[in-house]
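If you want the building blocks of each chain, they are given just below.
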Number of protein chains: 2
Amino acid sequence: MLQNADPLNLCLLKVSCADCTLRELCLPRRLEPIELTQLEGIVRHRRPLQRGEVLYRRGEPLRALYAIHSGSVKVHMPASGGGEQVMGFHLPGNLLGLDGCGTDSYTCTAIALETTSICELPYARLESLCALVPGLNREFRRLMGRVIGAEQAMLLMLGNKKAEERLASFLIHLSRRYCERGFSPLRFNLSMSRHDIGNYLGLALETVSRQFAHFQEAGWISVDRREVSIHQLDALEKLVTHTLEEETGNIA
Amino acid sequence: MLQNADPLNLCLLKVSCADCTLRELCLPRRLEPIELTQLEGIVRHRRPLQRGEVLYRRGEPLRALYAIHSGSVKVHMPASGGGEQVMGFHLPGNLLGLDGCGTDSYTCTAIALETTSICELPYARLESLCALVPGLNREFRRLMGRVIGAEQAMLLMLGNKKAEERLASFLIHLSRRYCERGFSPLRFNLSMSRHDIGNYLGLALETVSRQFAHFQEAGWISVDRREVSIHQLDALEKLVTHTLEEETGNIA
DNA sequence: CGCCGGATTGACTGAATTCAACCGTCGTGG
DNA sequence: CCACGACGGTTGAATTCAGTCAATCCGGCG
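All values derive from a computational prediction rather than experimental measurement.

Moving on to the sheet that holds strand 4 (residues 73–78) of chain A. Residues and elements named next belong to chain A. Pairing in this open sheet of four strands is antiparallel, and the strands run 2-7-4-5 from one edge to the other. Each of the sheet's edge strands pairs with one partner strand only, and the pair in question is strand 2 (54–56) and strand 5 (84–90). Neighbouring strand axes in the sheet, compared pairwise and without regard to direction, differ in orientation by 30° on average. Note: strand 2 against strand 7 (residues 109–112), two bridges, orientation antiparallel. Paired with tyrosine 56 across the bridge in strand 7 is alanine 110.

On to the pairing of strand 8 (residues 117–122) of chain B, then. All names here are of chain B. In terms of residue burial, strand 8 counts as a mostly covered element, since six of its six residues are buried. Along strand 8, one buried face is formed by Ser117, Cys119 and Leu121 and the opposite face, lined by Ile118, Glu120 and Pro122, is buried too. As paired elements, strand 1 (residues 44–45) and strand 8 share two bridges and run antiparallel to each other. Within strand 8, the position partnered with arginine 44 by the bridge is glutamate 120. In terms of strand pairing, strand 3 (residues 64–70) meets strand 8 through six bridges, oriented antiparallel. Among the inter-strand pairings, serine 70 is bridged to a residue of strand 8, identified as serine 117.

Strands belonging to one sheet form pairs held by backbone hydrogen bonds; the direction of such a pair is parallel or antiparallel. Residues and elements named next belong to chain A. With antiparallel pairing, the four strands of this open sheet are ordered in space as 1-8-3-6. The two strands at the open ends of the sheet, each matched to only one other strand, are strand 1 (44–45) and strand 6 (95–96). Bridge count between strand 3 (residues 64–70) and strand 6: two bridges; the pairing is antiparallel. Bridge assignment links tyrosine 66 to a residue of strand 6, and that residue is leucine 96. The sheet contacts of helix 2 (residues 123–132) involve strand 3 and strand 8 (117–122), and relative to strand 8 the element is tilted by about 60°.

Here chain B sits on chain A after a turn of 180° about the axis and a move of 0.0 Å along it, with an RMSD of 0.0 Å. Interpreted geometrically, this transformation is the action of a two-fold axis. With an isologous cut-off of 70% or more, the 100% of interface residues of chain B that recur at the interface of chain A puts this contact in the isologous class.

Residues and elements named next belong to chain A. Under the domain assignment used here, chain A contains domain 1 (2–156) and domain 2 (162–240). With centres defined by C-alpha atoms, the gap from domain 1 to domain 2 works out at 25 Å. Opposite the 17 residues of domain 1 that make contact, domain 2 presents 13 residues. The three residues of domain 1 that bury the most area against domain 2 are Phe89, Leu91 and Met154, which together make up 44% of that side's buried surface. Applying the counting criterion to the domain 1 and domain 2 interface returns one salt bridge. On inspection of domain 1 and its partner domain 2, the count reaches eight residue pairs in polar contact (both at pLDDT 80 or more). No other element matches strand 5, which puts seven residues into the side of domain 1 that touches domain 2.

Attention now goes to the confidence of the model for chain A. The predicted coordinates ought not to be read in detail in places where the model reports low pLDDT. Residue and element names in this part refer to chain A. Looking at chain A, pLDDT values average 89 and 90% of them are 70 or higher. When mean pLDDT is compared element by element in chain A, helix 5 (residues 194–201) scores highest at 97, while helix 1 (residues 33–40) scores lowest at 89. Within the model, the stretch residues 1–12 combines pLDDT values under 50 with 17 contacts to residues more than four positions away or in other chains. In this model, residues 244–251 is a region of pLDDT below 50 whose contacts with residues beyond four sequence positions or in other chains number 25 contacts.

Now for unusual backbone geometry. The bulk of non-glycine residues show a negative phi, and the bulk of peptide bonds are trans. All names here are of chain B. Residue aspartate 104 is not a glycine yet carries a positive backbone phi of 65°. Tracing the backbone shows aspartate 104 in the loop between strand 6 (95–96) and strand 7 (109–112). With a relative accessible area of 32%, aspartate 104 lands in the partly exposed category. A positive phi is found at arginine 225, a non-glycine position, where the angle reads about 55°. Note on placement: arginine 225 falls in the loop between strand 10 (221–224) and strand 11 (227–230). The class for arginine 225 is exposed, based on a relative accessible area of 71%.

Here we come to the environment of Thr103(A). Assignment of secondary structure puts Thr103(A) in the loop between strand 6 and strand 7. Considering only alpha carbons, one finds Thr103(A) and Leu62(A), 41 residues apart in sequence, at a separation of 8.4 Å.

A word on the nonpolar core. Grouped burial of nonpolar side chains is what soluble globular proteins tend to show. In terms of nonpolar packing, the biggest core is built from 155 residues, with Phe140(A) and Phe140(B) touching the most fellow members. Contact partners of Phe140(B), with chain neighbours within four places excluded, come to Arg141(A), Leu27(B), Leu65(B), Leu95(B), Leu98(B), Tyr123(B), Leu126(B) and Cys130(B).

Of all residues adjacent to DNA strand C, which total 16 residues, the nearest are Ala163(A), Thr207(A), Arg210(A), Arg194(B) and Ser209(B). Sugar plus phosphate: this is where 60% of the atoms of DNA strand C within 4 Å of the protein reside. The backbone of Ala163(A) places a nitrogen or oxygen atom 2.8 Å from a phosphate oxygen of DNA strand C. Taken together, the elements giving at least two residues each to the surface near DNA strand C come down to helix 6 (205–218) of chain A together with helix 6 (205–218) of chain B. A total of four residues in the surface near DNA strand C trace back to one element, the largest contributor, which is helix 6 of chain B. Grouping the amino acids of the surface near DNA strand C by side-chain chemistry returns four nonpolar, four polar and eight charged.

What counts as what
- Residues numbered from 1 in each chain as written.
- Chains lettered and ligands numbered in written order.
- Predicted model: local features only at pLDDT ≥ 70, side-chain atom pairs only at ≥ 80, totals over all residues.
- Heavy atoms only, no water.
- Pairing = 2+ DSSP bridges.
- Helix = DSSP H or I, 4+ residues; strand = E, 2+ residues; numbered from the N terminus.
- Axes fitted to C-alpha atoms, helices over the stretch in contact; angles between N-to-C directions.
- Buried < 20%, exposed > 50% of the residue type's maximum accessible area, 1.4 Å probe, protein only.
- Contact = heavy atoms within 4.5 Å.
- Least-squares fit on C-alpha atoms with pLDDT ≥ 70 in both.
- Domains from an automatic or database assignment.
- Buried area = accessible area lost by both parts, 1.4 Å probe.
- Salt bridge = Lys/Arg side-chain N within 4 Å of Asp/Glu carboxyl O.
- Polar contact = N/O pair within 3.5 Å; in protein donor to acceptor, adjacent residues only side chain to side chain.
- pLDDT = per-residue confidence, 0-100.
- Core = buried A, V, L, I, M, F, W, Y, C linked by side-chain atoms within 4.5 Å.
- Near = heavy atom within 4 Å.
- Nonpolar A, V, L, I, M, F, W, Y, C, P; charged D, E, K, R; others polar.

Below, the structure written as structure tokens:
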């Protein structure tokens with residue numbers, strides 16, 4: 001694959017959206033080839049971020065949106081009492097920065113959880129392009145809509161699920177996302193700490209640890225440090241869907 | 001005011017967006033007069049909804065977005081175990097249905113909490129118009145961005161606030177929204193039940209009731225049935241901001 | 001007048017947080 | 001190369017906040 005031609009120097013590499021394996025997950029989802037070319041025209045590639053490096057910071061002006069090409073990113077904002085609230089974890093193909101579209105400045109801070117390469121979409125140019133390319137405009141709107149839907153799914157979770165169900169949901173969701181990206185849905189590495197998971201799910205990190213142990217004792221999964229194997233996905237799913245709702249799939 | 005000329009038959013009345021007192025809160029926020037006229041061209045006015053009537057239902061195709069002209073609307077979706085999760089309460093000037101933009105069908109169900117008059121924006125026409133009117137496109141995007149920000153604020157609340165803080169936040173938020181709309185920020189009527197409030201905040205209705213009592217004993221507020229008077233807004237605010245974060249204001 | 005739904009209040013229960021000790025791994029520096 | 005410290009994770013015990021169950025109240029409506 002083209003994008004592997006220069007693995008040591010990704011920053012100089014122009015991966016075309018058309019060739020990108022993530023196309024179907026990313027903004028270009030349903031663009032016509034010509035529209036895709038236009039979009040590619042504004043994409044910039046930056047030096048990969050190292051673990052812990054900040055992509056953008058809350059309060060900064062909305063200069064650009066960022067698509068993850070590889071790696072993963074944690075998005076969080078300050079909470080009352082000096083704490084933080086993790087708002088989400090983003091994987092390749094996800095688009096970051098949309099939270100800033102309302103106020104023209106980021107409301108969250110985005111940090112790389114591992115070495116992460118990014119495609120940058122300068123916002124002003126993206127907006128101009130949207131005005132010219134109806135398909136892009138539509139896809140962008142759709143993407144925002146899906147973000148809204150995903151956040152609602154999260155609200156639903158925090159609103160009425162117990163610790164056990166939350167962690168099960170979390171694992172299932174991650175599993176699906178990895179699967180969509182061509183990784184194994186049954187064996188993957190968590191790029192975030194227990195602390196981050198707990199914070200994201202509205203739980204104490206000890207609770208996360210205990211629930212992991214609980215799932216493991218039950219034989220549903222194995223966990224070793226950051227490595228998770230899922231043995232009985234259906235068992236986890238049964239936990240989540242007492243009666244059932246179709247999940248508003250993950251997005252951005 | 002024009003919109004009061006025919007109070008018994010609002011459905012036949014065309015309230016122009018330009019004359020609407022809610023203009024600054026609604027989609028037309030920063031449109032040029034000419035853009036405003038174009039937007040007005042697609043707005044349809046429907047018969048007012050009675051309490052309990054459904055505006056749209058989860059799963060229905062996204063035919064239109066709806067702006068509330070007067071009244072209030074509850075938006076909810078089914079939760080696991082046959083329950084419901086209340087996703088939000090909407091006041092005049094708010095735009096509903098954006099959750100459907102991701103999938104082209106509504107993910108929530110919207111129900112009038114009282115007699116409510118609505119402006120309907122057929123989605124196909126709105127999309128076409130956005131393509132033609134850059135200002136509208138920008139405002140619409142901004143609006144979606146603000147919805148994302150508001151949902152994040154809600155996630156933050158459900159993620160790490162205690163019952164007391166949640167209800168205080170809720171009251172402060174309502175107070176601000178009423179204020180923006182020209183109503184008293186210190187005395188207003190709740191159009192939703194304790195059950196709805198609790199569900200929305202991720203609390204049992206009894207907890208809501210108790211926290212109301214608690215605030216009342218402390219002298220911060222008075223509650224009688226659905227009528228709330230706030231005596232010490234600052235006390236409520238102090239509860240919410242241990243250290244402080246600026247709230248991502250309410251929206252859609 | 002009596003019923004019904006919404007709201008309040010109380011007692012009890014339990015799930016999850018908090019506090020605390022402990023373990024294992026990794027990275028650093030002697 | 002090994003020792004040490006730091007960090008992340010696990011585990012246990014005690015506490016607490018909020019949920020559940022249940023009785024009662026209140027106002028509105030038939």
